[in-house]
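# Commentary on secondary and tertiary structure
So the chains spell out like this:
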Amino acid sequence: MKSKNLKKKVAFEVLKFIPNEIFIGVGTGSTVTYLINYLKKIKNKIKGAVSSSYKTTMSLKKNGIKVVQLNSLDRLPLYIDSADEINNNMEMIKGGGAALTREKILASAADKFICIIDETKQVKTLGKFPLPIEVLPMSYRYVMRELKKIGGEVKKRSNIITDNNNYILDISKLCIVNPVDIENTINNIPGVISVGIFSRRKPDILLVSTKKNVKKVFIN
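Now for a quick tour of the structure. (Residues numbered from 1 in each chain as written. Predicted model: local features only at pLDDT ≥ 70, side-chain atom pairs only at ≥ 80, totals over all residues. Heavy atoms only, no water.)

## Observations regarding the overall build of the chain
Quick reminder of the rule: Numbering of helices and strands runs from the N terminus, with a helix taken as a DSSP run of H or I at least four residues long and a strand as a DSSP run of E at least two residues long. The size measure is the radius of gyration over C-alpha atoms, and the globule rule it meets is 2.2 Å times the number of residues to the 0.38 power. Relative accessibility thresholds used throughout: buried, under 20% of the residue-type maximum; exposed, over 50%; partly exposed, between the two (1.4 Å probe, protein chains only).
Across its full length, the chain holds six helices and 14 strands. For 220 residues, the compact-globule estimate of 2.2 N^0.38 gives 17 Å, and the C-alpha radius of gyration of the chain, at 17 Å, lies within 12% of that figure. Viewed in the frame of its principal axes, the chain has a C-alpha envelope of about 50 × 40 × 30 Å. Expressed as a percentage of its 220 residues, the buried residues of the chain come to 54%.

## Some words on helix 5 (residues 140-148)
This is how it is decided: Arc, as used here, means the arc of the directions from the helix axis to the C-beta atoms. Any two residues whose heavy atoms approach within 4.5 Å are treated as being in contact.
Within the span of helix 5, buried status applies to Tyr140, Val143, Met144 and Leu147. The buried residues of helix 5 all sit within an arc of 105° when viewed along its axis, so they share a single face. Those residues of helix 5 that are exposed and aimed more than 90 degrees away from the buried face are Arg141 and Arg145. Looking at the buried residues of helix 5, the elements they touch are strand 8 (131-135), strand 9 (153-156), strand 10 (167-172), helix 6 (179-187) and strand 11 (192-195).

## Considerations on the pairing of strand 14 (residues 214-218)
The two faces of a sheet get side chains in turn, since along a regular strand they alternate between them. To be explicit about the condition: Two strands qualify as a pair provided DSSP detects at least 2 bridges between them.
Where strand 13 (residues 205-209) lies against strand 14, five bridges are found, and the strand directions are antiparallel. Each bridged residue has a counterpart across the sheet, and for serine 209 the counterpart in strand 14 is valine 214. If you look at the hairpin formed by strand 13 and strand 14, you'll find four residues sitting between the two strands.

Here's what the structure looks like:
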């Protein structure tokens, strides 16, 4: 089965996990784009959505879904997003769509986080997918020098300005055997806004689309 069809399948499956009359957080990426198209069918059952990116906001509005700000809510019951990589410990790399900071905020703020992926995103060790880091523009060369001490190859992502008006650096060829330590180390570099390792906020539910079915993994 093509990757596109796997993404569609898991995006449709997650609709079963969305209660009526709540606000939901919505991530960014190709799998989430399919989700938003399906959300159009149940838009009258949800109160609205908090968006993780400008692209997601435009897609939600196009499909007639009310978009609200996180600061307007006392609580966010549910956040749904995908991942670029996820290991057996449910630690993830996110940020291929350059929305990692807002994604991490929404995942942390939500009572429940559901991650939807196709089976190609599952890995034993994180790092085959380049690790994204959002940085302040004035600091990116300094941060690059500090990141090179960790290992891998560091590059500034070309022609990308985040929704927060920052740059993205990507580390490739990095074998991340201890995601918690790497996340903490990079977060402590001055100038780093956020790193695309999600090791402290793991999903509560993981839905994995395979050729046969959609597997459900309940973490909590």
